[in-house]
Amino acid sequence: MKILVPVKRVVDYNVKVRVKSDGTGVDIANVKMSMNPFDEIAVEEAVRLKEAGVATEVVAVSCGVGACQETLRTAMAIGADRGILVETDVDLQPLAVAKLLKALCDKEQPQIVICGKQAIDDDANQTGQMLSALMGWPQATFASKVAVGSGKATVTREIDGGLETLEISLPAVVTTDLRLNEPRYATLPNIMKAKKKPLETLKPADLGVDVTPRLTTLKVVEPAKRSAGVMVADVAQLVEKLKNEAKVL
Amino acid sequence: MTILVIAEHDNASLKGATLNTVSAAAKLGGDIAILVAGSGAAAVAAAAAKVAGVAKVLVVDAAAFADQSAENLAAQVVAVVKAAGGAISHVLAPATTAGKNVLPRVAALLDVAQISEIVAIESADTFVRPIYAGNALATVKSADAVKVITVRTTAFEAAAAEGGSAAVEQVAEAGDQGLSKLVGRELTKSARPELGAAKIIVSGGRGMGSSENYHSVLEPLADKLGAALGASRAAVDAGFVPNDYQVGQTGKIVAPQLYLAVGISGAIQHLAGMKDSKVIVAINKDPEAPIFQVADYGLVADLFEAVPQLTAAV
């Protein structure tokens, strides 16, 4: 059984981004880039399924600029078997990525696609659900536990009120939540090995997909800053302030 | 022009998040229709018809919607949009886990973009949404014929639950896609207010040290204030509390009147979920904790001494 894992190159989660002064976007020049944390969880889950003998091959896919190759090498260092880069300089939106992934699913015929539930740059939380819709497959989003059986999977999902468990037929799309697993650190020998793993590069046109953006970003601004607060000396003063100044008690 | 709002419900009652979504819909200008797809959900349809500002309630009652699966619900929404023959200009749902699960599926089936978690409406095709954990706000314009949008509920007031008298109309059932089956749900039972709707939230972080401490220290305070309980990711990852307590970029987004952050350092991912609160109080023993940069009132203290004192004083 083959598992496909899409991975996105994003600004590292420890970086606090700065909005460009001309309002055209955020400044990502000279900023540390990493694999989207939810995608790392997705790669880890796929690799664990392979180690458990459930999956036979893990294919990592990234869509975007040439530098996404590094993200694919990271996925292969965690344990993915090969990588596919769909290379384009176009600003890819979730629908376009879902269409590219659909074309790859038609070609690669995976039984499961494991996606991160959202990317921490655009915070869209869409691509997995969109891919699932385009394929006509079931979806199990926000997964905190995945058990794969023959022709089906049982997935526990994190929902607003608690947890929900679904049984879905395969092929299917699963998207990862934070507590699905704790991704391993890639070891140096595995990083070296990853450099020799196959990496194929395609263009959107090779897959017959139109990736033209549907949304235009008119401007990007910084949110209003909270005005600086005060430090209180003790609990008594805090209660006094909350009652008489903030009037929230 | 009709704006279709997808009702969030559990077949018994209409969830409050739907009311905030109706308010967002009202800002677009046009007739508002609420779709109630459920099973034995007559009470939900009746409640939806009473919401102020709603012109029409579309009802489909069938076993296929008992569990609110994304596959069946999305197919139904798409069928309703197509049957309207271009009259529906917008499809809105709250940006809850339920709304986020379904709407991207709807958008893909309609071959349009989805716009996530809008916090403001500039015009019928231009919206403001947070990106990078709320560290930037993007204004985006959609070129698609149908705008499919999830709404950040804290950014819009709730519409009045009473006062409307919408016409109720049955719509044709799109059918069961047969793709997924609900095995079960473990829902957190609590007498406290829901995080999303609470006026006061008491939230604990890694500093609580253990599940026992979290409950023994924070619950008396929450009980006294009538507050909801929340947590940082660190507290959830450490197993102090279940996942649905998590406030943050990828957890719940809250904006109560008062947010008490106890033993929470204030990672940007946590701030993303609570920085729109009216008043923020931080109690932490580390004076350098980033939470103090967003707090209105900061108290550097040992939480195990300060919180019981606070409980006694309020």
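Fair warning: this is a prediction, and the values are worked out from it, not measured in the lab.

Trainee: If you had to explain the packing of helix 4 (residues 127-135) of chain A against helix 4 (residues 97-110) of chain B to someone new, which residues and values would you point to?
Mentor: The geometry of helix 4 of chain A relative to helix 4 of chain B is characterised by a closest axis approach of 8 Å and an angle of 50° between their N-to-C directions. Taken together, the axis directions place helix 4 of chain A and helix 4 of chain B in an arrangement best described as oblique. As helix 4 of chain A runs across helix 4 of chain B, the sense of the crossing is right-handed. On helix 4 of chain B, the residues touching Gln129(A), Met130(A), Ser132(A), Ala133(A) and Leu134(A) of helix 4 of chain A are Asn101(B), Pro104(B), Arg105(B), Ala107(B), Ala108(B) and Leu109(B). Each residue belonging to the contact of helix 4 of chain A with helix 4 of chain B can be placed in one class, and the counts come to 7 nonpolar, 3 polar and 1 charged.

Trainee: Quick rundown of the interface of chain A and chain B? Include the residues and the values.
Mentor: Interfaces are frequently sized by the accessible area removed from exposure as the parts join. Counting from both sides, the interface comprises 64 residues of chain A and, opposite them, 69 residues of chain B. The dominant element in the side of chain A that touches chain B, judged by the number of residues it contributes, is strand 9 (residues 162-169) of chain A, at 8 residues. Class assignment of the residues belonging to the side of chain A that touches chain B gives a composition of 33 nonpolar, 17 polar and 14 charged. Of the strand pairs in this sheet, strand 12 (residues 215-221) of chain A and strand 8 (residues 136-142) of chain B are connected by 6 bridges, and their pairing is antiparallel. Bridging across to strand 8 of chain B, Val220(A) finds its partner in Ala138(B).

Trainee: How would you summarise the nonpolar core if you had to cite specific residues and measurements?
Mentor: Membership of the largest hydrophobic core comes to 197 residues, with the highest contact counts inside it found for Val5(A), Ala60(A), Leu35(B), Val36(B), Ala48(B), Val106(B) and Val281(B). In this structure, Val281(B) is in contact with Leu238(A), Leu258(B), Leu260(B), Ala261(B), Ala295(B), Asp296(B) and Tyr297(B), ignoring residues within four places of it in sequence.

Trainee: Could you give an account of the environment of Val300(B), naming the residues involved and the relevant values?
Mentor: Residues and elements named next belong to chain B. Topologically, valine 300 is positioned in strand 16 (residues 297-300). On the basis of neighbour counts, which here come to 17 C-beta atoms within 10 Å, the residue valine 300 falls in the partly exposed class. It is 55 Å that separates the C-alpha atoms of valine 300 and valine 81, two residues lying 219 residues apart in sequence.

The rules behind these values
- Residues numbered from 1 in each chain as written.
- Chains lettered and ligands numbered in written order.
- Predicted model: local features only at pLDDT ≥ 70, side-chain atom pairs only at ≥ 80, totals over all residues.
- Axes fitted to C-alpha atoms, helices over the stretch in contact; angles between N-to-C directions.
- Helix = DSSP H or I, 4+ residues; strand = E, 2+ residues; numbered from the N terminus.
- Parallel < 35°, antiparallel > 145°, perpendicular 65-115°, else oblique.
- Left-handed = near helix turned anticlockwise from the far one by under 90°.
- Contact = placed C-beta atoms within 7 Å.
- Nonpolar A, V, L, I, M, F, W, Y, C, P; charged D, E, K, R; others polar.
- Pairing = 2+ DSSP bridges.
- Core = buried A, V, L, I, M, F, W, Y, C linked by C-beta atoms within 7 Å.
- Buried ≥ 20, exposed ≤ 12 C-beta atoms within 10 Å, placed from the backbone.

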